[in-house]
Amino acid sequence: MTRGRGIRRSAALAVALGLGLSGSLVAGPAGAEEKEGPTVRWGACPEDVAAEAAPVVLECGTVPVPKDYADPGGDRIELMISRLASTNPDKRRGTLMLNPGGPGGSGLSQPAFLANRGIPSEVLDTYDVIGMDTRGIGRSAPVDCGFTPEGPYFANIPPYAVDDAAVTARAKVVKEVAEQCARRDKDGVLRHLTTANTARDLDRIRAALGEERTSFLGYSYGTALGAAYASMFPGRSDRIVLDSNIGDTHLDRDGMRRYALGVEQTFPDFARWAAARHDSYGLGRTPAEVRRTYFTLAERLDEKPVDGFDGNVLRQLTFGYLFKEVQYAKLAQHWQALMSGDTASVRAADADGQAADTPPSLDNQLSVFLAVSCNDIAWPTSVDTYRKGVAEDRARYPMFGAATANIMPCAYWPYPPAEEPVAIDDEGPRNILLVQNLRDVPTPHVGGKLLRQKFADRSRLVSVDDSGHGVYVYGDNPCALNTTTRYLVDGKMPGKDTFCRAG
């Protein structure tokens, strides 16, 4: 395995959509099975979850749900959930369900992650905070397509297509990927991984917890799940916070292509940072020079890779490291090493990436990302459509557009969508707080604006003058933190859309 391939995977997985993200089965009132169904028996969490949560101690349990909601009396799958229970009964309001994004992100330890990161104690008093592995992930009927570090498919974002021939070549790879996933779907779970089904699962979990309504905090793709739940079950949704929005109840080709817009909008922050440190990193004395360095270096690596790092690796690496300013120094170090062309310097810069190597859950994460994205909505099937899109976005978003517009396995997915994507319901309660940084790589600000338009008066948008992926608790803007905490704890929704200045 090359060093370049290792860092390439870790950069792409930073999306988790890092990132991320249906009509015929209508959600009706809670049935008798939900009212009389199983309750959660809490016990110790698996050792690795407990270790990741430490020093916070979580409880874990399981909830059975239908594998196929079109056949509710058929096979069941078990979903594992976690709980950080409120210790203040006088202040406890109910449950706050979490989703970290993806699709493909494990959320069992997320309650502890937020607690360890400093979520206000008032929130922990107000709610039992519920984490989970949603269907297909981790310990909830996990799926896998058999992806390996050495194989041709190792990231949830396509490689940068330098020309039309690269799109054609990639089409052959992703066609085999789709067929490989179908061959491995022995128990039939893969085809039932959809945002709508996961939203139905949330409602089963709500019922098993004995709650009439549930609150929800979702990040990145978690905003699509939360939007779907609030639309399918408006009367059972309590306080909903959607942070870093993809713009709908599903990730489609347009949403994927917006990643490139996010790169163009976020990169200037890194360029200013690097220009101010030119004497240390030598990447350019002005933001414009730093941008030129990116294109010059990418083209050079396209022609002559350095120790396994080619132009695609540089682009994926830059994409992943733009997620948070704390990563800018490491990104600058990588650029500096690649500019030198010195193999020893490149290996030294990649030392941390090699130590982490490929996570064991890579196959599961990539498989769920594909299954949900491809099952939710039909993607274009013509290679010419992707060639045209790549050419358009290479010109429109030159830094990364020829990657995010490139062809996906969804073009050859063997399972047609079983139902239409969940339609946004704008007639429910005004209970949806949308939180969005102005500059965010996988979920640019337009995603928040799109959901604000679709939910109309049910929602309010908090726009934050900050850069990075994730706002509440993940970021450090006091206005955004205070506004979101007030809503979760006291139910105080802003009377109008809010702009939070850089803090």
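Presented here is a report on the structure given in the accompanying data block.

### Digging into the overall build of the chain
At step 1: The helix and strand tally for the chain stands at 20 helices and 10 strands.
At step 2: Over its C-alpha trace the chain gives a radius of gyration of 22 Å, about what one expects of a compact globule, namely 23 Å for 503 residues.
At step 3: Its C-alpha atoms put the chain at 65 × 50 × 45 Å along the principal axes.
At step 4: Across the 503 residues of the chain, 58% fall into the buried class.
At step 5: Entry remark: accessible area of the chain is about 19200 Å², with carbon and sulfur atoms responsible for 49%.

### Observations concerning the pairing of strand 2 (residues 59-66)
At step 1: Sheet topology places strand 1 (residues 43-44) next to strand 2; 2 bridges connect them, and they run antiparallel. Directly across from G43, in strand 2, lies its bridge partner C60.
At step 2: Relative to strand 3 (residues 76-84), strand 2 runs antiparallel, the two being bridged by 8 bridges. Considered in strand 3, the bridge of C60 is made with S82.

### Quick notes on the packing of aromatic side chains
At step 1: According to the stated counting rule, one finds 18 aromatic pairs in the structure shown.
At step 2: Here the aromatic rings of F319 and F400 are separated by 4.9 Å at their centres, their planes lie at 15°, and the arrangement is stacked. Placement of F319 in helix 12 (residues 311-321) and of F400 in the loop between helix 17 (383-396) and helix 18 (401-404) is noted, with a sequence separation of 81 residues between them.
At step 3: Taken together, the ring pairs in this structure connect F267, F270, W273, Y281, Y294, F295, Y328 and W335 into an aromatic cluster.

### Details of the pattern of salt bridges
At step 1: On inspection of all chains with the given rule, the structure shows 29 salt bridges.
At step 2: Put simply, R387 and D384 hold a salt bridge, and the shortest N to O gap is 2.1 Å. Residue R387 and its partner D384 are both found in helix 17; the two are separated by 3 residues, about one turn of the helix.
At step 3: Residues joined by salt bridges that share partners form a network here, namely R257, E392, D393 and R396.

### Considering the sheet that holds strand 4 (residues 94-99)
Sheet strands line up and pair through hydrogen bonds in the backbone, either parallel or antiparallel.
At step 1: Taken in spatial order, the 10 strands of this open sheet run 1-2-3-5-4-6-7-8-9-10, and their pairing is mixed. Two strands lie at the open edges of the sheet, namely strand 1 and strand 10 (498-500), each paired on one side alone.
At step 2: Against the sheet, helix 9 (residues 253-275) engages strand 8 (432-439) and strand 9 (459-467), with an angle of about 55° to strand 8.

### Some points on the state of the cysteines
At step 1: On inspection of all chains with the given rule, the structure shows 4 disulfides.
At step 2: Each disulfide pairs two cysteine sulfurs, and for C45 the partner residue is C60, the sulfurs being separated by 2.0 Å. Torsion about the S-S bond of the C45 and C60 cystine: about 90°, corresponding to right-handed handedness. Highlighted residues: C45 in the loop between strand 1 and helix 3 (47-53) and C60 in strand 2, separated in sequence by 15 residues.
At step 3: Take C45: its relative accessible area is 12%, and that puts it in the buried class.
At step 4: Each sulfur in the disulfide pair C479 and C500 lies 2.0 Å from the other. When the S-S torsion is -60°, as for the bridge of C479 with C500, the disulfide is left-handed. Of this pair, C479 sits in helix 20 (residues 478-490) while C500 sits in strand 10; the two residues are 21 residues apart in sequence, bridging distant segments of the chain.
At step 5: For C500, a relative accessible area of 0% puts it in the buried group.

What counts, and where the lines are drawn
- Residues numbered from 1 in each chain as written.
- Predicted model: local features only at pLDDT ≥ 70, side-chain atom pairs only at ≥ 80, totals over all residues.
- Heavy atoms only, no water.
- Helix = DSSP H or I, 4+ residues; strand = E, 2+ residues; numbered from the N terminus.
- Rg over C-alpha atoms; globule rule 2.2 N^0.38 Å.
- Buried < 20%, exposed > 50% of the residue type's maximum accessible area, 1.4 Å probe, protein only.
- Areas by Shrake-Rupley, 256 points an atom, 1.4 Å probe, with all protein chains shown as cover.
- Pairing = 2+ DSSP bridges.
- Phe/Tyr/Trp six-rings, centres within 6.5 Å; stacked < 30°, edge-to-face > 60°.
- Salt bridge = Lys/Arg side-chain N within 4 Å of Asp/Glu carboxyl O.
- Contact = heavy atoms within 4.5 Å.
- Axes fitted to C-alpha atoms, helices over the stretch in contact; angles between N-to-C directions.
- Disulfide = S-S within 2.5 Å.

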